[in-house]
Amino acid sequence: MLKILGTVFLFVSILAGTASAKEAVLAIEGYDPVAYFTQDSAVEGSEAHEVLHDGKLYRFASEEHRKLFEAEPSRYLPEYGGFCSYGVSQGYKVPVDPHAFSVVDGKLYLNFSKGVRARWSKDIAGYIAQANENWGNIGAHLRCYESAAC
């Protein structure tokens, strides 16, 4: 009887793990976070190379990129949970265009659009300082933009 219960528990545990991966939020619209650093480009990831990290599903263009991420995720994660960096500096969680990005001092910053990235580029240090302050008080100050997945 214990053996049967153990087998049932194992099966349910496996199913629960699979369900959480299926329910995870797709990070950066499926773009490879490592490619921003290694190729200075937005590169689509593949379902063949996925990692579930902190409830978000990250996709990678290659197995090599997946392994780099797994070895040091904090090095490749986008700032501000993957929301628009300029938006966070203004007090909002806003979705991003994976092609509107900047790598500054070894960190990945995403923006809502290339137009917003152009505005962001005019005072990156100032916007980062304000976004850091807002992000630290996320519960009290940040509001979701209408189409952001919050």
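The structure displayed is predicted, hence computed values, not measured ones. (Residues numbered from 1 in each chain as written. Predicted model: local features only at pLDDT ≥ 70, side-chain atom pairs only at ≥ 80, totals over all residues. Heavy atoms only, no water.)

*Asks:* Report on the sheet that holds strand β2 (residues 46-53), specifying residues and quantitative values.
*Replies:* Strand order in the open sheet formed by 3 strands is β1-β3-β2, with mixed pairing between adjacent strands. Strands with a single pairing partner mark the edges of an open sheet, and in this sheet they are β1 (25-26) and β2. Relative to strand β3 (residues 56-60), β1 runs parallel, the two being bridged by 2 bridges. Bridging from a neighbouring strand, Leu26 pairs with Leu57 of β3. (Pairing = 2+ DSSP bridges. Helix = DSSP H or I, 4+ residues; strand = E, 2+ residues; numbered from the N terminus.)

*Asks:* Lay out the nonpolar core with the relevant residues and their values.
*Replies:* With 29 residues, the main nonpolar core has Ile28, Tyr36, Tyr58, Phe69 and Leu110 as its most contacted residues. Put simply, the parts of the chain that give this core at least two residues each are β3, α5 (85-89), β5 (97-104), β6 (107-111), α6 (114-121) and α7 (124-136). Those residues within four positions of Phe69 in sequence are excluded, and the remaining contacts are Pro33, Val34, Val51, His53, Tyr58, Phe60, Tyr76 and Leu77. (Core = buried A, V, L, I, M, F, W, Y, C linked by side-chain atoms within 4.5 Å. Buried < 20%, exposed > 50% of the residue type's maximum accessible area, 1.4 Å probe, protein only. Contact = heavy atoms within 4.5 Å.)

*Asks:* Now, about the pairing of β3: what can you tell me, with residues and values included?
*Replies:* The buried count for β3 comes to 4 of 5 residues, which makes it a mostly enclosed element. Sheet topology note: the β2/β3 ladder contains 5 bridges and is antiparallel. Opposite His53, over in β3, you have Lys56 as the bridge partner. Connecting the antiparallel pair β2 and β3 is a turn made up of 2 residues, with Asp54 showing a positive phi of about 50 degrees.

*Asks:* So what's going on with helix α3 (residues 63-71)? Which residues, and what values?
*Replies:* Among all positions in α3, only His65, Arg66 and Phe69 are buried. Taken end-on, α3 shows its buried residues confined to a sector of 100 degrees, consistent with a single buried face. Seen from the open side of α3, the exposed residues pointing more than 90 degrees away from its buried face are Glu64, Lys67 and Ala71. Residues of α3 that are buried make contact with α2 (35-38), β2, β3 and α4 (73-76). (Arc of directions from axis to C-beta.)

*Asks:* Outline the packing of aromatic side chains, listing residues and values.
*Replies:* All chains considered together, the criterion is met by 9 aromatic pairs. Ring geometry for Tyr80 versus Tyr109: centroids 6.0 Å apart, planes at 45 degrees, classification tilted. Of this pair, Tyr80 sits in the loop between α4 and α5 while Tyr109 sits in strand β6, and the two are 29 residues apart along the sequence. Both residues of the pair, Tyr80 and Tyr109, count as buried. Among the aromatic residues, ring-to-ring pairing joins Tyr80, Tyr86, Tyr109, Trp120, Tyr127 and Trp135 into one connected group. (Phe/Tyr/Trp six-rings, centres within 6.5 Å; stacked < 30°, edge-to-face > 60°.)

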